[in-house]
Amino acid sequence: MIAKIEQLLKEVETMHASNAEELEALRIKYLSKKGAINDLMADFRNVASDQKKVVGMKLNELKTLVQDKINALKEQFESQDNGCDGVDLTRSAYPVELGTRHPLSIVRNEIIDIFARLGFSIAEGPEIEDDWHVFSALNFAEDHPARDMQDTFFIESHPDILLRTHTSSVQSRVMEVSQPPIRIICPGRVYRNEAISYRAHCFFHQVEALYVDKEVSFTDLKQVLLLFAKEMFGADTKIRLRPSYFPFTEPSAEMDISCNICGGKGCPFCKHTGWVEILGCGMVDPNVLDANGIDSKIYSGYALGMGIERITNLKYQVKDLRMFSENDTRFLKEFEAAY
Ligand code: DAH
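Residues numbered from 1 in each chain as written. Predicted model: local features only at pLDDT ≥ 70, side-chain atom pairs only at ≥ 80, totals over all residues. Heavy atoms only, no water.

Overview of the layout of surface pockets
Taking a probe equal in size to a water molecule and rolling it over the atoms shows the remaining empty space. Quantified by volume, the second largest pocket comes out at close to 270 Å³. Lining the second largest pocket are 17 residues; nearest its centre among them are Leu104, Arg108, Arg189, His205 and Glu309. Breaking the lining of the second largest pocket down by element, the ones donating at least two residues are helix H5 (103–117), strand S5 (182–191), strand S6 (203–213), helix H10 (308–316) and helix H11 (323–326). Of the residues contributing to the lining of the second largest pocket, the split by class is 7 nonpolar, 6 polar and 4 charged. (1 Å grid on protein atoms, 1.4 Å probe; cavity = no way out; pocket = protein on both sides within 12 Å on 5 of 7 lines; lining within 4 Å. Points joined across faces, edges and corners; volume = space filled by probe spheres on them. Helix = DSSP H or I, 4+ residues; strand = E, 2+ residues; numbered from the N terminus. Nonpolar A, V, L, I, M, F, W, Y, C, P; charged D, E, K, R; others polar.)

Considering the pattern of salt bridges
Side-chain pairs of opposite charge can arise where the charged atoms are in close proximity. Inspection of every chain in the model, using the stated rule, returns 13 salt bridges. Note that Glu11 is salt-bridged to Lys29, the shortest N-O span being 3.1 Å. Of this pair, Glu11 sits in helix H1 (residues 2–14) while Lys29 is found in helix H2 (residues 20–31), placing the two residues 18 residues apart along the sequence. Looking at Glu11, the relative accessible area reads 29%, which means it is partly exposed. The partner of Lys58 in a salt bridge is Glu61, and the shortest N-O contact between them spans 3.4 Å. Of this pair, Lys58 and Glu61 both sit in helix H4 (residues 52–78), separated by 3 residues, roughly a single helical turn. (Salt bridge = Lys/Arg side-chain N within 4 Å of Asp/Glu carboxyl O. Buried < 20%, exposed > 50% of the residue type's maximum accessible area, 1.4 Å probe, protein only.)

Examining the site of the ligand
In the neighbourhood of the ligand, 15 residues make up the surrounding shell, with His166, Ser168, Arg192, Gln206 and Glu208 lying closest. Notes on the ligand: free accessible area 350 Å², of which the protein chains cover 88%. Of all the secondary structure elements, the ones that give two or more residues to the shell around the ligand are S6, strand S9 (275–284) and strand S10 (300–307). For the shell around the ligand, the class distribution of residues is 5 nonpolar, 8 polar and 2 charged. (Near = heavy atom within 4 Å. Areas by Shrake-Rupley, 256 points an atom, 1.4 Å probe, with all protein chains shown as cover.)

Right, dumping it as structure tokens:
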């Protein structure tokens, strides 16, 4: 019975009449002797006594709503000749439009879901960080160009405090307080001192993954990468690893996937190579383990990091990065059905 009342409540919220006849029809439908409310009143007698209070309250709510709505509509008709030509005063203010999930949240949740199924749990760290967690603990040499003022936003009065440039900082935050096995996924916002254009922004989002345990090998990494690519971009997706350099991993690699737009045949999106880059990865450098209190003689690990905007672009072909932070509802609404 509650369900029936709920359904009527919804119906009544959005009901509208465009003339006096229609309004009268509504009154008869709901409030007359043979109307819906009277029917419910009759059914109410059969409601179990412990339910009577709850059902009774709902029923009253419905009755009041119907009466209010009908009175409001009646008033509108009576004052219709008020010179508001072309304005439909009888139009309901309902239904209220619901918001939609942001595309970056949709993709972030998808990434998290995939890793959660593999036993990774979420870890988070601060966006305002210190040099140690963003750079030093991750084996960045003192003179590494990434520390350069050009890339990093420093807090002027405290050169040791900065806005994190990557979520790899969460690796050291977690390692310094826990011992293996560590299996974490770290989503979050990062900042870089870049000129804003359609392809770069001064803030964006990353997801970092870290796995440290005994006998973790590059094979484990590759396995997870392949599974991730297939889950995210479809079962036919292929991956390829190219040697690369990151201070915190050794060896390091960048991963490409077969272009999900042309299926690897070559198109303008993949610059006719058939491949698109999606993430950086590698085996955690033993220096990083030791610097964070984990014995590199016993443990090894892998790490990987990706930009959420990049993955979202690949999935949905958003041409201008700025769209993600402009909150234009016409853009956001396009993702209504995605999740
Ligand atoms: N932190 C890197 C960046 O912001 C991404 C990255 C590369 C993370 C390799 C990793 C990794 O964990 O192994 O560009």
